[in-house]
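Overview (structure and organization)
Okay, here's what each chain looks like letter by letter:
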Amino acid sequence: MSAAATLSERKAIDGVTTAAVLVTILAWASAFPAIRAGLEAFGPIELGALRFAIAAVPAALFLVVTRPAWPSAPDFLRLAVGGILFVAFYTALLNMGEMTVSAGAASFIINTNPIMTAGLAMLLLGERFTARAWAGTAVSFLGIGLIALGEGEGMRLDTGALLILGAALCNSVTTVVQKPLFARHKPLTVSAWNMVMGALVLAPWLPNATSEFAAASASGIQAAVYLGLVPSLVAYGTWSVALSRLPASRASNFMYCVPPVATLLGFLWLGEAPTALGAVGGVLALLGVAVVNWRR
């Protein structure tokens, strides 16, 4: 294991890291009900194209104003992976999957991501994930499973589920590929490049999104704008900050907090009351995160 990975694991979570993690959790949790609302007015890829077109404008302005150093060829390839996988493919696959998969099942499938990330980070980055951390991950994963089963629609392996599993893999690969960038580039710079490149990849669907925008309901438009500003522009930035300050495996583990928070927001936003099984699952998901991050 590298010295940098060891040092990063031993660092306590400070206020900036805590704030970045909390904002990311809240923003990405709110994305699930927002996506469901947006899909009522837009096609799945069109919604993604509009979402990141909105986010890419301030992101591009940020790059113009701050004028960061131009990335080297290897770094540019890592940034391109973020734009292609973490923005374009992740968004398209998740949106298409959510058209046939229930919210609880989707949150269960997408949360295979921390497990994938931990394995890839150990293999490629030399990070250490202890037996206690794996136990905490198992508890969280069990909790997410209970949230999914609590919806009463069961779990099935269909095309939508496979699409969401692909989205989770895109997230994991990007996390590990982009982790080394933070030694040479500021987190917000990495995030801005991701959004600009991702918006360019999704640009071919933007004309259709514009046509749908003209006929969309007010709630659909509000959902699309919200997705562009908060779960994209803000949360991708705070996620980059968190990833720059934590091991990739540990940062990803915090994402087990997203489904319980998404369940709460679904109740407040859409009136979707959680079941008793779902509530127990939420507690287990949070408990598992606490086990992984407990510092003696």
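Structure shown above.
All values derive from a computational prediction rather than experimental measurement.

**Here's the deal with unusual backbone geometry**
Within the chain, arginine 67 stands out as a residue other than glycine whose phi angle is a positive 50°. In this fold, arginine 67 is placed in the loop between α3 (44-66) and α4 (73-97). The exposure class assigned to arginine 67 is exposed, which follows from its relative accessible area of 70%.

**Observations regarding the environment of methionine 116**
Along the chain, the position of methionine 116 falls in helix α6 (residues 113-125). Residue classification places methionine 116 among the partly exposed residues on the basis of a relative accessible area of 22%. Along the chain, methionine 116 and serine 249 lie 133 residues apart, while their C-alpha atoms are 8.8 Å from each other. Setting aside chain neighbours within four positions, we find methionine 116 in contact with Leu165, Ala168, Leu169 and Ser172.

**A few points about the packing of α3 against helix α10 (residues 206-215)**
Direction vectors running N to C along α3 and α10 enclose 95°, while the axes themselves pass 8 Å from each other. Viewed along their axes, α3 and α10 adopt a mutual orientation that is roughly perpendicular. Residues Glu46, Ala49, Leu50 and Ala53 of α3 form the contact with α10, whose own contacting residues are Leu206, Asn208, Ala209, Glu212 and Phe213. The residue makeup of the contact of α3 with α10, split by class, is six nonpolar, one polar and two charged.

**Quick word on the packing of helix α9 (residues 187-202) against helix α11 (residues 218-245)**
Contact geometry of α9 with α11 gives a least axis separation of 8 Å together with a crossing angle of 135°. It follows from the interaxial angle that α9 and α11 lie oblique. Like other packed secondary-structure pairs, α9 and α11 cross with a definite hand, here right-handed. In this structure, α9 contributes Pro187, Leu188, Ser191 and Met195 to the contact, and α11 contributes Ser232, Leu233, Tyr236, Gly237, Ser240, Val241 and Ser244. Split by residue class, the contact of α9 with α11 holds six nonpolar, five polar and no charged.

**Topic: the packing of aromatic side chains**
Enumeration over the complete set of coordinates arrives at nine aromatic pairs. With 6.2 Å between their ring centres and 25° between their planes, tryptophan 70 and phenylalanine 76 make a pair best called stacked. Relative to tryptophan 193, the ring of phenylalanine 76 has its centre 6.3 Å away and its plane inclined at 75°; by these criteria the two rings are edge-to-face. Of this pair, phenylalanine 76 sits in helix α4 while tryptophan 193 sits in helix α9, and the two are 117 residues apart along the sequence. Classification of phenylalanine 76 by relative accessible area gives partly exposed; the value is 32%.

**Considering the side chain of serine 191**
Tracing the sequence through the fold places serine 191 in helix α9. Under the relative-accessibility criterion, serine 191 is labelled buried at 2%. Every residue in contact with serine 191, bar those within four places of it in the chain, is listed here: Tyr236, Gly237 and Ser240.

**Description of the pattern of salt bridges**
Pairing between side chains of opposite charge can happen when their charged atoms approach one another. The tally for this structure, following the rule as stated, stands at two salt bridges. Here aspartate 14 and arginine 245 are joined by a salt bridge, their closest N and O atoms 2.3 Å apart. With aspartate 14 in the loop between α1 (3-10) and α2 (15-38) and arginine 245 in helix α11, the pair connects residues that are 231 residues apart, well separated along the chain. A salt bridge links aspartate 75 to arginine 184; its shortest N-O distance comes to 2.8 Å. A residue pair is termed long-range when its members are at least 10 positions apart, and aspartate 75 in helix α4 and arginine 184 in the loop between α8 (159-178) and α9 qualify at 109 residues. The class of aspartate 75 is buried, set by a relative accessible area of 5%.

Cut-offs applied
Residues numbered from 1 in each chain as written. Predicted model: local features only at pLDDT ≥ 70, side-chain atom pairs only at ≥ 80, totals over all residues. Heavy atoms only, no water. Helix = DSSP H or I, 4+ residues; strand = E, 2+ residues; numbered from the N terminus. Buried < 20%, exposed > 50% of the residue type's maximum accessible area, 1.4 Å probe, protein only. Contact = heavy atoms within 4.5 Å. Axes fitted to C-alpha atoms, helices over the stretch in contact; angles between N-to-C directions. Parallel < 35°, antiparallel > 145°, perpendicular 65-115°, else oblique. Nonpolar A, V, L, I, M, F, W, Y, C, P; charged D, E, K, R; others polar. Left-handed = near helix turned anticlockwise from the far one by under 90°. Phe/Tyr/Trp six-rings, centres within 6.5 Å; stacked < 30°, edge-to-face > 60°. Salt bridge = Lys/Arg side-chain N within 4 Å of Asp/Glu carboxyl O.

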